[in-house]
Amino acid sequence: MADTVPLTNHDISEALCDQVRQADRDKTPLRIVGGNTKAFYGRAVDGSELATREHRGISHYDPVELIVSVRAGTPLADLEAALDAEGQRLPCEPPHFGASATVGGMIACGLSGPRRPWAGSVRDLVLGTRVITHEGKQLRFGGEVMKNVAGYDLSRLMVGAQGTLGLLTEVSLKVLPKPATSHSLRLELPLDAALTKLAEWGRQPMPLSAASYHDGALYLRLEGGQSSVAATRERLGGDSLDAGYWEELREQRLAFFCADQRPLWRLSLPNKVPPLSLDGEVLYDWAGAQRWLKSDADAGTIREACARAGGHATCYTPGIAEPFTPLAPVVAKYHRQLKAELDPNGIFNPGRLYAEV
């Protein structure tokens, strides 16, 4: 199926360049919108809407070389369906948070699913990009071109930048084959025993591709060769688990996320850190490195506890707190300098990450 292009294939890059060029001349802020499923993630942007949804389609796909190039407005579900038809996938298992999620939104937010510690992040998949600069010029960056401008690896800088550095129009990604076998397990264990087991298994060649803990049970996913998965399954025991659990976790549809209205926090921590002394309910993901906290505790208390443990906290509930942990002064300085160099008139999603960026 080399070079397969979906039925909906539309290139509006020239129109997007014109809109960006006009905004830069007028110094008019732009609010970049794809599928809008992750609008909750980050600070609200006040600006004229720049929609990327019509800039869509797979421009190149080589299943043999495990490379796909896709326009930013392409529905993420369309890309995943095309890969699935060839027995391949995006290894980072990105969340959608809605049927209209786009590839551009996946890159802009940089969020990964349960497989991330074992298969890598969104950033690890990016080979190259096409980006419209503040001048309205579409440039190519990454592995398929000569070099990056000003020494920046702009392709990877775009991941997680929330559209604040330029307008992403196309991305080239590394993809991987789907595993031969997958099986999920549920083991009833106390939390301390589960964390100890996960640390032990992390030092062994086990076909583990997801691990979460909540409400007295450890949930595991095994993926790989049939014999390896079968042997590990027999060794660990436990009960078989519906594989749909991992999608429910990835898309935050489990009862944990929906049970009450307390603010939701994502705690990013070293996976060996013991439970933090914070009020609320916790779901452990990524073998303990990512922890979801439902809590009424104030932002300062949560962030201070994470900082002491060597991590940071992000608020997923809009309007409750500043979503991202404030930057250290030196880091904030470099953020401002980068923004000023790539977007001197501040037109791309101003304030999306931080008030000054």
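Look above for the structure.
Residues numbered from 1 in each chain as written. Predicted model: local features only at pLDDT ≥ 70, side-chain atom pairs only at ≥ 80, totals over all residues. Heavy atoms only, no water.

Novice: Can you help me understand the sheet that holds strand S7 (residues 138-142) in this one?
Specialist: Two strands in a sheet stick together by hydrogen bonds in their backbones, pointing the same way (parallel) or opposite ways (antiparallel). If you trace the 5 strands from one edge of the open sheet to the other, you get S3-S4-S8-S6-S7, paired in antiparallel fashion. The open sheet is flanked by strand S3 (58-62) and S7, the only strands paired with a single partner. Each neighbouring strand pair of the sheet contributes to a mean axis angle of 15°, computed without reference to strand direction. Strands strand S6 (126-132), S7 and strand S8 (167-174) of the sheet are contacted by helix H1 (residues 13-26), whose axis makes an angle of about 55° with S6. Helix H2 (residues 76-85) contacts S3, strand S4 (67-71) and S8 of the sheet and is inclined by roughly 25° relative to S3. (Pairing = 2+ DSSP bridges. Helix = DSSP H or I, 4+ residues; strand = E, 2+ residues; numbered from the N terminus. Axes fitted to C-alpha atoms, helices over the stretch in contact; angles between N-to-C directions. Contact = heavy atoms within 4.5 Å.)

Novice: Help me understand H2, please; the structure alone is not making it clear to me.
Specialist: Think of an α-helix as 3.6 residues a turn; residues three or four steps apart then line up on the same face. Within the sequence span of H2, burial applies to Leu76, Leu79, Ala82 and Leu83. Angularly, the buried residues of H2 cover 130° about the axis, an arc narrow enough to put them on a single face. The elements touched by buried residues of H2 are S3, S4, strand S5 (88-89), helix H3 (103-109) and S8. One or two steps after H2, the chain reaches Gly87, where phi turns positive at roughly 70°. (Buried < 20%, exposed > 50% of the residue type's maximum accessible area, 1.4 Å probe, protein only. Arc of directions from axis to C-beta.)

Novice: Sorry if this is basic, but what is going on with the nonpolar core here?
Specialist: One recurring pattern in soluble globular proteins is that nonpolar side chains are buried together. The biggest cluster of nonpolar side chains holds 31 residues, and the ones touching the most others in it are Leu79, Leu90, Met106, Ile107 and Leu173. Those elements giving two or more residues to this core turn out to be S3, S4, H2, H3, helix H5 (122-125), S6, S8 and helix H12 (329-342). Take this core: its biggest share by element is 4 residues, from H2. When residues no more than four places from it in sequence are discounted, the contact partners of Met106 are Leu76, Leu90, Pro94, Leu111, Val122 and Leu173. (Core = buried A, V, L, I, M, F, W, Y, C linked by side-chain atoms within 4.5 Å.)

Novice: Before we go on, may I ask you to explain the side chain of Lys294 in this structure?
Specialist: The topology assignment puts Lys294 in strand S16 (residues 290-294). Among the residues examined, Lys294 registers a relative accessible area of 2% and is labelled buried. In contact with Lys294, not counting residues within four places along its chain, are Phe256, Phe257, Asp260, Arg262, Pro263, Leu264, Asp279, Gly280 and Glu281.

Novice: How should I be thinking about unusual backbone geometry in this particular structure?
Specialist: Most of the time, phi is negative for any residue but glycine, and the peptide bond is trans. One non-glycine residue with positive phi stands out, namely Phe97, at about 60°. Along the chain, Phe97 turns up in the loop between S5 and H3. Positive phi values are uncommon outside glycine, yet Asp215 reaches one of about 55°. Here Asp215 falls in the exposed class, since its relative accessible area comes to 67%.

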